[in-house]
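Descriptive structure summary
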Amino acid sequence: MAATTVDDALASFREMMATDGYLLTWSDVGEGKAVVKISATEGACEDCLVPLPVMTNIMAKALGPTDYELDHVELPPGATH
C-alpha cells in the first residue's frame with residue numbers, strides 16, 4: 001500500500017489555515033525531508049497562528065503517514081509567535 005501523499009496529509013490543515021487567511025505550502029528539500037511554509041494573505045488573522053513549537057509538532061505528526069519527515073516550519077515574517 002502506498003504511503004499517504006504530503007498533499008493529502010496536509011489537506012485539512014491547508015483548508016483550516018485558508019479560513020484564517022493563510023496559505024500552507026510544502027517543498028521537498030531532499031533526503032525525505034519536507035519544509036512546510038505558512039504565508040499570510042491580505043487580512044490574515046494574526047492571532048490565529050499557534051506558536052512555532054506547537055505548529056512544528058502538529059506538522060510533524062501530520063506527515064507521519066507519508067514518506068516524508070518534517071525538516072522545519074516557516075511562519076510568515078513578523079509572526080509574533
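Structure first, text after, so check above.
What counts, and where the lines are drawn
Residues numbered from 1 in each chain as written. Predicted model: local features only at pLDDT ≥ 70, side-chain atom pairs only at ≥ 80, totals over all residues. Heavy atoms only, no water. Axes fitted to C-alpha atoms, helices over the stretch in contact; angles between N-to-C directions. Helix = DSSP H or I, 4+ residues; strand = E, 2+ residues; numbered from the N terminus. Contact = heavy atoms within 4.5 Å. Nonpolar A, V, L, I, M, F, W, Y, C, P; charged D, E, K, R; others polar. Pairing = 2+ DSSP bridges. Phe/Tyr/Trp six-rings, centres within 6.5 Å; stacked < 30°, edge-to-face > 60°. Buried < 20%, exposed > 50% of the residue type's maximum accessible area, 1.4 Å probe, protein only.

1. Section: the packing of helix H1 (residues 6–19) against helix H2 (residues 52–62)
Two numbers describe how H1 lies on H2: the axes approach to 9 Å, and their chain directions differ by 145 degrees. Contacts between H1 and H2 involve Ala-9, Leu-10, Phe-13 and Met-17 from the first element and Met-55, Ile-58, Met-59 and Ala-62 from the second. Classifying every residue of the contact of H1 with H2 by side-chain character gives eight nonpolar, no polar and no charged.

2. So, the pairing of strand E1 (residues 22–30)
Side-chain direction in a regular strand flips from residue to residue, so the side chains alternate between the two faces of the sheet. By the bridge criterion, eight bridges tie E1 to strand E2 (residues 33–40) in an arrangement that is antiparallel. Pairing of Trp-26 across the sheet is with Val-36, part of E2. Between E1 and E2, which pair antiparallel in sequence order, lie two residues; one of them, Glu-31, sits at a positive phi of approximately 55 degrees.

3. Concerning the packing of aromatic side chains
For the coordinates displayed, the defined rule picks out one aromatic pair. Geometrically, the ring pair formed by Trp-26 and Tyr-68 is edge-to-face, given 5.2 Å between the ring centres and 65 degrees between the ring planes. Here Trp-26, found in strand E1, pairs with Tyr-68, found in the loop between H2 and strand E3 (69–74); they are 42 residues apart in sequence, far enough to count as distant. Taking the relative accessible area as the measure of exposure, Trp-26 reaches 25% and is therefore partly exposed.

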